[in-house]
Amino acid sequence: MDKQLTTLIVGGVAGGATTAARLSRLGAGRRIVIIERGGYVSFANCGLPYYIGDVIPEQSSLILASPELFRSRYGIEVLLNHEAISIDAASSTLIVRNLATGEELPMPYDELVLSPGAAPFRPPMPGIDLAGVMTLRTVPDAEAVKAYIGRHHVRSALIVGAGFIGLEVAENLRELGLEVTLVEGAPHILPPLDTHMSGYVSRLLEERGLRIETGKIAQGIRRTEDGRLQAYADAWESPAADMILLSIGVRPETSLARTAGIETGKTGGIIVDTQMKTSVPGIWAVGDAVEVVSRVTGRPMLLALAGAAQKQARIAAASIMGRQEEFHGVLGTSVLRIFGTTVAMTGMNPDTLARLGYEDDYEYIDAHPYQHVTYYPGATPIHMRLVYRKKDGLILGATAIGENDAARKIDVIAALMSKNGTVYDLEEAEMCYSPQEGAAKDAVNMVGMAAANNLRGLHPLAHAGDIGRPGTFLLDVREVAETVRQPFAGAVNIPLSQLRSRWQELPGDRTILVLCQVGVRGYNATRFLCNMGLDARNLSGGYITMSLGS
């Protein structure tokens, strides 16, 4: 009788649990064991902020699968509260410690899958271990936060770190009635966005009563005289708060991998190939701990998202079973829903591309289309930014922010990006249309058309940074009543309705920067002026875009 093969999987949740489940579906007779150091093998960590805010009232709703379900449905063994502490790759043995008893158990394997995840970053600074300074990564973490709020009658919270988790917790604490302050070390909140697009989110949070401080890196935490908590640096101190939640990112858990001599990359993540194999034969790795490749730049990066982890897990399981499937990298497609507004993004933004040295290779357009036709009730704008390569229109990234349908627009763009789509593909994309659901020219088509016309030379663009440059003239083509309500400093107003009879008032020896409300009338004015022989450029996104940064 053939020897039974054993696959050990370190870590559950998205990566480990998905690997185990697919392995059980792809073949029979294999022993599959998940080793999980926590008390839950599969839980919805993305739902933790909403459990804290009582949007999800029951903890049981967060538990996606139990050891009993894995055993009965898939024939998978689960060891909870067991920690893998070292790997002897030479003998294919994993050393596992029972956290309840302290007993250490050698477990031989034929294949080993590492899915240890990433841990919240806790910088070594004074006061970080004070009571009331907390992090959020697991169900027990969420229980501790909820208990602390109730036990100490918390009325105010300081959140250090304004990324996805920080903002989600901020929203939920604010909805509970707490005063909330967000502190972010980067120049703006939500660092995955570029500086400009994050301004929409900052404005939303401030309207909801949150206090925001950016460019502040906490160097320590202390108690105030009245017993509250305060973050501080050399020349700065935060408002005092009843509790502090640290949300300053995560770091890949690679200590176990290093015991086996597995290679890690410059990002700190485990290096894997397209089949999720590590540098040590017989060991695979998936999830937040691995280094992935950007499909936009081809460079290594880290991405702590459940969707990527599950896809990697499927590839790892297929590889173990001898199937030739590959993981081709990531776009970083992600979404946040906060205070009724969706913030969705994919690929790279202008700030990131410039930082990586691509500043001369890309262009971008801003637009503010509605999710459906404006004559049908309920139309709301989507603030969109599309980034593309100058030489061929290859889509490099996109952001969409709005109350309705923003994520769907980014999903379409991301799907095209995964197939090396261009702005020309966007303008031709066949989208659903009815008055309730879209427009004959969908928002996706609109940004594609604007970008494609730019590449064809029909839509010369300008951006906020061009305003005030020598040799430029700022023309506002909105109607007079609009400019009275929302004036733009330094602009000369000639409404589009009068431009054909007054265009000769414009200086012929200067570049005309054309401003309207959202960019549509500006495009029409730019085309007319170019046809008349003037050097005209449309300020992309119009007043709505320009005023956000003014």
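Calculation notes
- Residues numbered from 1 in each chain as written.
- Predicted model: local features only at pLDDT ≥ 70, side-chain atom pairs only at ≥ 80, totals over all residues.
- Heavy atoms only, no water.
- Pairing = 2+ DSSP bridges.
- Helix = DSSP H or I, 4+ residues; strand = E, 2+ residues; numbered from the N terminus.
- Buried < 20%, exposed > 50% of the residue type's maximum accessible area, 1.4 Å probe, protein only.
- Axes fitted to C-alpha atoms, helices over the stretch in contact; angles between N-to-C directions.
- Left-handed = near helix turned anticlockwise from the far one by under 90°.
- Contact = heavy atoms within 4.5 Å.
- Nonpolar A, V, L, I, M, F, W, Y, C, P; charged D, E, K, R; others polar.
- Phe/Tyr/Trp six-rings, centres within 6.5 Å; stacked < 30°, edge-to-face > 60°.
- Lys NZ or Arg CZ within 6 Å of the ring centre and 35° of its normal.
- Expected span 1.5 Å × (residues − 1).
- 1 Å grid on protein atoms, 1.4 Å probe; cavity = no way out; pocket = protein on both sides within 12 Å on 5 of 7 lines; lining within 4 Å.
- Points joined across faces, edges and corners; volume = space filled by probe spheres on them.
- Core = buried A, V, L, I, M, F, W, Y, C linked by side-chain atoms within 4.5 Å.

Novice: Provide a residue-level description of the sheet that holds strand β15 (residues 220-223), including the pertinent values.
Specialist: An order of β15-β16-β17 is seen for the three strands of this open sheet, with the pairing classed as antiparallel. The sheet is open, and its two borders are formed by β15 and β17 (236-237), each paired with just one other strand.

Novice: How would you sum up the pairing of strand β23 (residues 334-338)? Please name residues and give values.
Specialist: Residues S334, L336 and I338 point to one face of β23 and are all buried, whereas V335 and R337, pointing to the other face, are not buried. Where β23 meets strand β24 (residues 341-347), five bridges bridge the pair, whose relative direction is antiparallel. Bridging from a neighbouring strand, R337 pairs with T342 of β24. In this antiparallel pair of consecutive strands, β23 and β24, the connection spans two residues, and F339 shows a positive phi of 50°.

Novice: Hey, could you go over the pairing of strand β16 (residues 229-233) for me, with residue numbers and the actual values?
Specialist: Judged by how many residues are buried, β16 sits mostly within the fold: five of five residues are covered. Of the two faces of β16, the one holding L229, A231 and A233 and the one holding Q230 and Y232 are both buried throughout. Joining the antiparallel neighbours β15 and β16 is a turn of five residues, in which G227 adopts a positive phi near 85°. Here two bridges tie β16 to β17, and the two strands are oriented antiparallel to one another. Paired with Y232 across the two strands is E237, which belongs to β17.

Novice: Could you give me a rundown of the packing of helix α1 (residues 13-26) against helix α8 (residues 306-320), with the residues and numbers involved?
Specialist: Interaxial distance between α1 and α8 falls to 8 Å at its minimum, and their mutual angle equals 35°. In this structure, α1 meets α8 at a crossing whose hand is right-handed. The segment α1 lies against α8, with A14, G15, T18, T19, R22, L23, R25 and L26 engaging A306, A309, Q310, A313, R314, A317, A318 and I320. In the contact of α1 with α8, the residues fall into nine nonpolar, four polar and three charged.

Novice: Tell me about the packing of aromatic side chains, and please be specific about residues and values.
Specialist: The full count for this structure, using the stated rule, is three aromatic pairs. Relative to Y74, the ring of F70 has its centre 6.0 Å away and its plane inclined at 45°; by these criteria the two rings are tilted. Pair noted here: F70 and Y74 are both in helix α3 (residues 67-74), with a separation of four residues, about one helical turn. Judged by relative accessible area, F70 falls into the buried class, the value being 4%. On the basis of relative accessible area, Y74 is assigned to the partly exposed category, the value being 24%. Residues W503 and F528 carry aromatic rings whose centres are separated by 6.5 Å and whose planes lie at 85° to one another, so their mutual orientation is edge-to-face. A residue pair is termed long-range when its members are at least 10 positions apart, and W503 in the loop between α14 (496-502) and β31 (511-515) and F528 in helix α15 (residues 520-531) qualify at 25 residues. With respect to class, W503 is no different from F528; both count as buried. Sitting over the ring of Y51, K146 keeps its end group 4.6 Å from the ring centre.

Novice: Got a sec to walk through helix α4 (residues 139-151)? Specific residues and values, please.
Specialist: Because each turn of an α-helix spans 3.6 residues, side chains separated by three or four positions end up pointing in the same direction. Its 13 residues give α4 an end-to-end C-alpha distance of 18 Å, which sits within 8% of 18 Å, the value for a rise of 1.5 Å per residue. For α4, the set of buried residues is V139, A142, V145, Y148 and I149. Positioned one or two residues after α4, H153 has a phi angle of 50°, which is positive.

Novice: Now, about the layout of surface pockets: what can you tell me, with residues and values included?
Specialist: Of the volumes computed, that of the second largest pocket is approximately 630 Å³. What lines the second largest pocket is a set of 27 residues, among which A367, P369, K441, M446 and V520 lie closest to the centre. Among the secondary structure elements, those contributing two or more residues to the lining of the second largest pocket are β25 (362-367), α12 (443-455) and α15. Among the elements that line the lining of the second largest pocket, the one with the most residues is α12, at six residues.

Novice: Report on the sheet that holds strand β2 (residues 31-36), specifying residues and quantitative values.
Specialist: Ordered by their spatial adjacency, five strands build an open sheet running β5-β2-β1-β9-β20, and the pairing between neighbours is parallel. Because the sheet does not close on itself, it has two edges, and the strands there are β5 (77-80) and β20 (283-285). Neighbour-to-neighbour, the strand axes of the sheet open up by a mean angle of 20°, direction not taken into account. By the bridge criterion, four bridges tie strand β1 (residues 6-10) to strand β9 (residues 111-114) in an arrangement that is parallel. Its bridge partner being in β9, T7 is matched across the sheet by E111. Across the face of the sheet, α1 comes into contact with β1, β2 and β9 while running at roughly 170° to β2. Across the sheet, α8 is in contact with β1, β9 and β20; its angle to β20 comes to roughly 165°.

Novice: Mind laying out the environment of V250, listing which residues take part and the relevant values?
Specialist: With respect to the helices and strands, V250 occurs in strand β19 (residues 250-252). Looking at V250, the relative accessible area reads 29%, which means it is partly exposed. Residues V250 and R25, 225 residues apart in the sequence, show an inter-C-alpha distance of 32 Å. Among residues more than four places away in sequence, those in contact with V250 are A118, A119, P120, F121, R137 and A304.

Novice: Residues and numbers for the nonpolar core, please.
Specialist: Formed by 47 residues in total, the largest nonpolar core has its most connected members in I87, L94, L112, L114, I270, M276 and I283. Ranked by residue count, the leading element in this core is α8, at five residues. Those residues in contact with I270, other than ones at most four positions away along the chain, are L114, T254, A257, I262, E263, T264, T278, A285, A289, V290 and E291. Within the second largest apolar cluster, 42 residues are counted, among which are L136, I149, L205 and L245.

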